[in-house]
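An overview of the molecular structure
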Amino acid sequence: MRNAINAYADEMATALCKSAYNMMIYEVRDFCCGLIDAEGRMISQNKGGLPIFLADLGIAVKDGIARYGSTALRPATSSS
């Protein structure tokens, strides 16, 4: 399970690099992906990213939960 969760973060990073229009993302890899739980705690992060970005990620999730409640967080749905 631990390896699968780490692989998810790496897959997010790969998808971001392949779909990015900004060269800072696809060439420099100036980003970081992470999995955050519903309480804003870091579960996993991608390899090779910049960990400095992760310091703000959990705080942003915690702030979103405080402002909108945990029921406002849900998977994105396709409009088609």
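Use the structure listed above.
Residues numbered from 1 in each chain as written. Predicted model: local features only at pLDDT ≥ 70, side-chain atom pairs only at ≥ 80, totals over all residues. Heavy atoms only, no water.

**Quick look at the overall build of the protein**
- Counting its secondary structure elements, the protein contains 3 helices and 2 strands.
- Helices and strands in the protein line up, N terminus first, as α-α-β-β-α.
- The proportion of buried residues among the 80 residues of the protein is 20%.
- Long-range contacts, defined here as pairs at least 24 residues apart, represent 21% of the contacts in the protein between residues at least 6 apart.
- Carbon and sulfur atoms make up 58% of the accessible area of the protein, which amounts to about 6,200 Å² in all. (Helix = DSSP H or I, 4+ residues; strand = E, 2+ residues; numbered from the N terminus. Buried < 20%, exposed > 50% of the residue type's maximum accessible area, 1.4 Å probe, protein only. Contact = heavy atoms within 4.5 Å. Areas by Shrake-Rupley, 256 points an atom, 1.4 Å probe, with all protein chains shown as cover.)

**Re unusual backbone geometry**
- A positive phi angle is found at Arg29, which is not glycine, with a value near 60 degrees.
- For Arg29, the position within the fold is in the loop between helix H2 (23-26) and strand E1 (34-36).
- We classify Arg29 as partly exposed; its relative accessible area is 29%.

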